[in-house]
Structure formats: C-alpha cells, structure tokens
Amino acid sequence: RSPGYFVSFPISCLSLASAKGSGVQILARVPGEVTTKFEGERVEYMALVFDSKNEIRDVRHLDADPRPYRGRPIVFTSAAPVEPGYYTCRLVIRDLESGLSAVSSVRVFVPATAQSGLRLGTPLLLQEESGCAYLELSQRNGHLTLPWAQIYAFDRTVLSPIEEKISAQTGRLLALVPFSVPGVSEPDVAPSVRLVEAGTAQAWPVTASLVGTIRHSWGETAILEIPIPALKPRDYFFYVNGLDRTSRTAAYTFTGLTVRED
C-alpha cells in the first residue's frame, strides 16, 4: 500500500520561561477518526522542534501500540528545553504497518526570562470531556527542566485540552494560567481575561473567576472559570492580563480559540 497523509490534526504549543531554564510543550489531539485508521501494532510518533533558522533543536520518538486507543481521541504531549526565541514544533505520526502518515505544525515564541516582576505562561484552555487517551513523550535521559505535568495539572478523567473548534453553545471554559514573581514569596496576582475577534479586533466581554491555584516549583498556576457568551463562528484570541499587587508589576499572555459552525 502506498503511503499517504491523513488530514492534519489540531496542534498547539505551550511556552514557559524560567531562571532555571525555558522550554516548550507540544500539545496535539489526534481525533478518533484518525486513530480508527491505524491498522498495525506499532505507530511511531516523532516530535521535532525547529529554530528560526529551520535547524532541528530537538527530536524524539515514541513507538506505541495503537490497539488500546483505536477509535479514541488521543492527546499527545512532548516537552523540550529551548532558549528564548521563535520555534516551529511539528508532530509526525506513522502507522508502521500501512505506511500511512499524519503531520501538523505550529509556531511558538518563547519569551526571554524576566529577572523580576510578574511572568505568565501560555494559557491552557480546558473543556468537559471524558474518554480521551493520553500519550506523553518523556524528556530525553530523564532531564526535566520544567515540571510540565505539575504546572498544567488537571483531572484527565473529566477534562481535556481544547485543541479543536468549540461549539457556539459552549457555556463555560476552564483555563490554567501559570504565573511566578521572582523574588516575591507571597505574590498577590489578580487575573482578568479578554476575548478578541481575530479578524475585526472586536472585544467580547467575558469575566473570569479564580476557582483555585496549584503550587509547584516554577511558581503557581491559576485555575480560571470563564462563562462564555454566544459567540459568532470565528477565530479569537484569548488574552489573560495579570497584575501582581505585591510587586506592582503586570504581564499578559494569550492563546487562540476557534468557534465552529454548529
């Protein structure tokens, strides 16, 4: 059978900057209609990170038996330590039995590490969903520069990352927003959110409730609950603004969000 490509799958990338090191985490969702087509006993996942000169900065492989996940959506993650700058993250998936492949890419910017003041990581948007399988490609040689699993911790049995378009009827979202304030032992961070339509820059009023925080070695992660108004089927930017009252410093971060036609 001659090799061919499946449809591209949704992919995004999280970035964090730290005095102890910065990095990216590839986050991809392989839909159930793709995993249904896996025929063999081995599927290869290859995660690559290219720098702004298109040179490979990180590459790693995972061989997995697809049979336990066939027909189920898979959330795949792979983290890599990189310096500040622009990168392209790519995930290539190959069924080693049939030769069929799938590939998707995304660009990401890793900011320079702030020596002081509030710093924010990329927001991770979550929705209520069960039944996803999770595959994690561990960092090479056990070298863990950032505790990604702690920073973006959530209950995988009832929640999943939003990697596809959400319904216009979606009533609420959860967002995980990492933050830290170097040199401040007790930060007092007040987050606020905005939804901005990508094509028109129209701002949609949304409010966020802080429902909890997670402490970890990088800092803390705010858990935000956001009621979503009835949105037009468009592409949006989800902005998070943060103000630390202790250090009197501010920062912002953002991610993309797409609302589909129902």
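It should be noted that the structure appears before, not after, this text.
Summary of the structure given here. (Residues numbered from 1 in each chain as written. Predicted model: local features only at pLDDT ≥ 70, side-chain atom pairs only at ≥ 80, totals over all residues. Heavy atoms only, no water.)

1. Notes on the sheet that holds strand β13 (residues 189-197)
- Pairing is antiparallel in the open sheet, where four strands are placed in the order β14-β13-β17-β18. Strand pairing shows two members of the sheet lacking a second neighbour, β14 (203-204) and β18 (249-258), which therefore form its edges.
- Judged from the ten bridges that link them, strand β17 (residues 235-244) and β18 form a sheet pairing that is antiparallel. The partner of Gly242 across the bridge, within β18, is Ala251. (Pairing = 2+ DSSP bridges. Helix = DSSP H or I, 4+ residues; strand = E, 2+ residues; numbered from the N terminus.)

2. Regarding the side chain of Asp244
- Relative to the assigned elements, Asp244 resides in strand β17.
- If sequence neighbours within four positions are ignored, Asp244 has contacts with Leu118, Val181, Pro187, Asp188, Val189 and Thr249. (Contact = heavy atoms within 4.5 Å.)

3. Thoughts on the state of the cysteines
- For the structure on display, the rule yields zero disulfides.
- With no disulfide of its own, Cys89 has Cys13 as its nearest cysteine by sulfur position, at a separation of 3.3 Å. (Disulfide = S-S within 2.5 Å.)

4. Some remarks on the layout of surface pockets
- The volume enclosed by the largest pocket comes to roughly 1,000 Å³.
- Along the wall of the largest pocket there are 42 residues; nearest its centre are Cys13, Thr122, Phe254, Thr255 and Gly256.
- For the lining of the largest pocket, the secondary-structure elements that each account for two or more residues are β1 (11-16), β7 (101-110), β8 (119-120), β9 (124-128), β17 and β18.
- Take the lining of the largest pocket: its biggest share by element is eight residues, from β18.
- For the lining of the largest pocket, a count of residues per class yields 27 nonpolar, nine polar and six charged. (1 Å grid on protein atoms, 1.4 Å probe; cavity = no way out; pocket = protein on both sides within 12 Å on 5 of 7 lines; lining within 4 Å. Points joined across faces, edges and corners; volume = space filled by probe spheres on them. Nonpolar A, V, L, I, M, F, W, Y, C, P; charged D, E, K, R; others polar.)

5. Let's talk about the sheet that holds strand β2 (residues 23-30)
- Spatially, β1-β2-β5-β10 is the arrangement adopted by the four strands of the open sheet, whose pairing is mixed. Each end of this open sheet is capped by a strand with a single partner; those strands are β1 and β10 (133-137). If you compare each strand with its neighbour and ignore which way they point, the axes differ by 20° on average. (Axes fitted to C-alpha atoms, helices over the stretch in contact; angles between N-to-C directions.)

6. Considering empty space enclosed by the protein
- On inspection of all chains with the given rule, the structure shows two cavities of 30 Å³ or more.
- When its volume is computed, the largest cavity comes out at roughly 50 Å³.
- Around the largest cavity sit Leu120, Val177, Phe179, Val189, Pro191, Ala222, Val240, Asn241 and Gly242, which together line it.
- The set of elements that each furnish at least two residues to the lining of the largest cavity consists of β12 (172-180), β13 and β17.
- With three residues, the top contributor of residues to the lining of the largest cavity is β17.
- Class assignment for the residues of the lining of the largest cavity results in seven nonpolar, two polar and no charged.
- Considering only enclosed or pocket space, the second largest cavity measures out at about 40 Å³ in volume.
- Lining the second largest cavity we find Ile26, Ala47, Leu48, Val49, Asp58, Arg60, Ser78, Ala79 and Ala80.
- Counting only elements with at least two residues in the lining of the second largest cavity, the list comes to β3 (43-51), β4 (56-64) and β5 (74-81).
- Of the residues contributing to the lining of the second largest cavity, the split by class is six nonpolar, one polar and two charged.

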